[in-house]
Amino acid sequence: MSSTTSSAPATITFNGQPALQLQSPDGAQAVVLLHGAHLVSWRPAGPDRQPGDEQLYLSERAIYAEGQAVRGGVPVIFPQFEKRGPLPRHGLARTRHWEVAESRVGTDHAVAVLRLVDDDATKAHWPHAFEAELTVSISGPRLDIELAVINTDQAPLHFTAALHTYLRVADVNLVRLEGLSGLRYIDSTSGEEHLDFNQTLQVHGEVDRIYMRATQTLLLRDQGRRVALESQGFDDVVVWNPGPEKCSAMPDMPPEGWREMLCVEAARITHPIDLPPGEEWAGRQSLLAL
């Protein structure tokens, strides 16, 4: 492991919310809100140790308030995906305040670790004891996001999880996503299951798919820009874009915002995690700007 310098990520205010600003010595930058442990910006290292272009989509109409989920970036989905269960949509983590457990800058990277522990408010919805940690690490062209959950309860935990990654694109109609050919997926707009025979996924209107057993590297092509996506511990990949009609009805999205984003999410949905007492589960998504 690289040695650690005396520097540490700066504490800043981002749209009224406390946040950590990470900057690695090679110029990569990221911003993580304490609200939801929400990554809202990632700019990989560019020429001359300067931060490159923004890689994440963040809605200009996003709401930054207690109990509200921020639209864009990388929301943390835990312990329930979407409305697949009795909890609030997408669970509890993305609207809770997380504590900073660790932050440091090394010779070639910057890291922040945020922690969420159960309390009376979480137990009102999900009556279990747990600890969750989100680790964000940046280095050069690479971003690693890891979600770890420790079962501190006396009974097994049963949950789903996802890293709801909004990628910024120039025009979603021209984007090509490679690596999903030959996989089965659930079309969440219809509830039907299909086999994807296409070599690339192209977006034409609304798309909302859960690809199963999607463990291979994906490649997003966007007008000369490429981003590779890998995951470990997550067996599913969600691909989502609301399309023009649904986007226009979303109060925290501009009407044309759907053109500028594509969600490619590392997820555990179709095979939920069953975690015995005292055990830990971890899942990671890695992005590489090419």
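Quick note: structure is the one above.
Just so it is clear, the structure is predicted and the values come from calculations on it, not from any experiment.

A.B. asks: Would you take a moment to explain the overall build of the protein for this structure?
C.D. replies: When helices and strands are tallied, the protein shows two helices and 21 strands. The C-alpha atoms of the protein give 18 Å as radius of gyration, which agrees with the globular expectation for 290 residues (19 Å, within 12%). Looking at the protein as a whole, 53% of its 290 residues qualify as buried. In the protein, the proportion of contacts linking residues at least 24 apart, taken out of those at least 6 apart, comes to 62%. If you sum the accessible surface of the protein, you get close to 12600 Å²; carbon and sulfur atoms cover 46% of it. The averaged location of the 38 negative side-chain charges in the protein is 3 Å from the averaged location of its 25 positive side-chain charges.

A.B. asks: What is the right way to look at unusual backbone geometry in this model?
C.D. replies: Where the residue is not glycine, phi is negative for most of them; where a peptide bond is considered, it is trans in most cases. Of the consecutive residues Phe-78 and Pro-79, the connecting peptide bond is found in the cis state with omega at 0°. Look at Arg-213: it is not a glycine, yet its phi comes out positive at around 55°. Positionally, Arg-213 belongs in the loop between strand 16 (207–211) and strand 17 (218–222).

A.B. asks: What should I look at first to understand the sheet that holds strand 18 (residues 225–232) in this one?
C.D. replies: Adjacent strands of a sheet pair through backbone hydrogen bonds, lying either parallel or antiparallel. The antiparallel open sheet is built from nine strands, whose spatial order is 6-7-8-9-21-18-17-12-15. At either end of the open sheet lies a strand with only one pairing partner, and these are strand 6 (99–105) and strand 15 (200–201).

Procedures and definitions
In every chain, residue numbers begin from 1 and rise along the written sequence. Local features in a predicted model are, by the rule used here, given only for residues with pLDDT of at least 70; side-chain atom pairs are given and counted only at 80 or more, and totals for whole chains, interfaces and linings are based on all residues. In computing side-chain values, all of the structure's heavy atoms are included and hydrogens and water are not. Helix numbers and strand numbers start at the N terminus; a helix is a DSSP run of H or I with at least 4 residues, a strand a run of E with at least 2. Using C-alpha atoms as the atom set, the radius of gyration is obtained and then compared with a globule rule of 2.2 Å times the number of residues to the power 0.38. When a residue's accessible area, from a 1.4 Å probe over protein chains only, is under 20% of the maximum for its type it is buried; when over 50% it is exposed; and in between it is partly exposed. Should any heavy atoms of two residues lie within 4.5 Å, those residues are considered in contact. To be clear on the numbers: accessible area is Shrake-Rupley with a 1.4 Å probe, and residue cover counts the displayed protein chains and nothing else. Only four residue types enter the tally: Lys and Arg on the positive side, Asp and Glu on the negative side; His and the chain ends are excluded. The location of each charge is read from NZ of Lys, CZ of Arg, CG of Asp or CD of Glu. Here, strands pair whenever DSSP counts at least two bridges between them.

Just distances and angles here, no functional claims.
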